[in-house]
Amino acid sequence: MKCPFCGNADTQVVDSRVSEEGDTIRRRRRCLSCDKRFTTYERIELAMPSVVKRNGSRSDYDTAKLRASLSLALRKRPVSTEQVDNVVARIEETLLASGLREVPTERIGELVMAELKKLDKVAYVRFASVYKNFEDIGEFVDAIREMQGPMLPGKLRGNNQAGRR
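Throughout, a residue's number is its position along its own chain's written sequence, starting from 1. Only residues with pLDDT of at least 70 are given local features in this predicted model, and only at 80 or more are side-chain atom pairs given and counted; all residues enter the totals for whole chains, interfaces and linings. The basis for the side-chain values is all heavy atoms of the structure; hydrogens and waters are excluded.

A.B. asks: Which parts of the structure should I look at to understand the overall build of the protein?
C.D. replies: Per the secondary structure count, the protein includes five helices and six strands. Under the DSSP-based scheme used, a helix requires at least four consecutive residues in state H or I and a strand at least two consecutive residues in state E, with every element numbered from the N terminus. Starting at the N terminus, the α and β elements of the protein follow one another as β-β-β-β-β-α-α-β-α-α-α. Exposed residues in this analysis have more than 50% of their type's maximum accessible area, buried residues have under 20%, and partly exposed residues fall in between, with area computed by a 1.4 Å probe over protein chains only. Residues classed as buried in the protein amount to 25% of the 165 residues present. Contacts in the protein between residues far apart in sequence, at least 24 positions, make up 41% of those at least 6 positions apart. For the protein, the accessible area works out to roughly 11,700 Å², and carbon and sulfur atoms hold 49% of it. Any two residues whose heavy atoms approach within 4.5 Å are treated as being in contact. Method for areas: the Shrake-Rupley scheme with a 1.4 Å probe, in which residue coverage is limited to the protein chains shown.

Listed below in structure tokens is the structure:
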């Protein structure tokens, strides 16, 4: 660490303390050349990966864009702001944990769909219809079937007739 007074690179740590929140370390340092003291703070710096769009262009990750997409899919759905915050946090944790410097938009879309599938089925279908660019009603039906999982024997689509004679 360079001394801010004389520019000398030889400094000594005199004291270190972790902040009450535990997210920073405060260090008192002494310059070995001019003997002046100064304080430095050490913090974790996490950088979200860049987003690679379908056309190949790159942009910075933007939490507001993710939140806007989720809000649009969840419009008029019984989902709390806290639940949306948790979804955003889980997606961002997954992206950070990947260690990648770049992530394709397709990967972010897959993460959003996985979270919406667990959170709200209607929002999942809404998001999937835009994300997958559905062209006809058959693609909607396929998405709904995929979300519902495998059909059980004795059940007809949309009408439970098991047990009727």
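What follows picks up the thread again.
A.B. asks: Even after reading the chapter, I still don't get the sheet that holds strand β4 (residues 50–52), so can you show me in this structure?
C.D. replies: Sheets are built from strands that pair by backbone hydrogen bonding, the pairs being arranged parallel or antiparallel. Being paired, for any two strands, means DSSP has found at least two bridges between them. What the three strands build is an open sheet, ordered β5-β4-β6; its pairing is mixed. Edge positions in the sheet fall to β5 (58–59) and β6 (102–104), since each of these pairs with one other strand and no more. Across two bridges, the pairing between β4 and β5 is antiparallel. Among the inter-strand pairings, Val 52 is bridged to a residue of β5, identified as Arg 58. To define axes, lines are fitted to C-alpha atoms, for helices over the stretch in contact only, and angles between the resulting N-to-C directions are given on a 0 to 180 degree scale. Sitting on the sheet, helix α3 (residues 105–119) touches β4 and β6, and the angle it makes with β6 is about 65 degrees.

A.B. asks: What is the right way to read the nonpolar core from this model?
C.D. replies: The nonpolar side chains of a soluble globular protein tend to be buried with one another. Only buried residues count toward a nonpolar core, which is a set of Ala, Val, Leu, Ile, Met, Phe, Trp, Tyr and Cys residues joined through side-chain atoms within 4.5 Å. Counting residues in each nonpolar core, the largest one holds 24 residues, and the members touching the most others are Leu 70, Val 112 and Leu 116. Listed by contribution, the elements that provide at least two residues to this core are α1 (63–73), α2 (81–98), α3 and α4 (121–131). It is α4 that contributes the most residues to this core, six residues altogether. Not counting residues within four places of it along the chain, the set of residues in contact with Leu 70 comprises Val 84, Val 87, Val 88, Val 112 and Leu 116.

A.B. asks: Would you explain the sheet that holds strand β3 (residues 37–43) in this entry?
C.D. replies: Pairing in this open sheet of three strands is antiparallel, and the strands run β1-β2-β3 from one edge to the other. With partners counted over all chains shown, the strands left at the sheet margins are β1 (11–18) and β3, one partner each. Pairwise comparison of adjacent strand axes, ignoring direction, gives a mean angle of 25 degrees for this sheet. Alignment of β1 against strand β2 (residues 24–31), held across seven bridges, turns out to be antiparallel. Residue pairing in the sheet places Arg 17 in a bridge with Arg 26 of β2.

A.B. asks: Before we go on, may I ask you to explain the layout of surface pockets in this structure?
C.D. replies: Empty space among the atoms becomes visible once a probe the size of a water molecule is rolled across them. In this analysis a 1.4 Å probe is tested at points of a 1 Å grid over the protein atoms alone, and where it fits but cannot get out there is a cavity; an open set with protein on both sides within 12 Å along at least five of seven lines is a pocket; lining residues have an atom within 4 Å of a point. Grid points are joined across faces, edges and corners, and a volume is the space filled by probe spheres set on the points. Reported here for the largest pocket is a volume of approximately 410 Å³. Lining the largest pocket are 16 residues, and of these Val 51, Lys 65, Ser 69, Thr 105 and Ile 108 lie nearest its centre. Elements that contribute at least two residues to the lining of the largest pocket include exactly α1, α3 and α4. Note on residue categories: nonpolar means Ala, Val, Leu, Ile, Met, Phe, Trp, Tyr, Cys or Pro, charged means Asp, Glu, Lys or Arg, and polar means any other residue, Gly included. Split by residue class, the lining of the largest pocket holds seven nonpolar, four polar and five charged.

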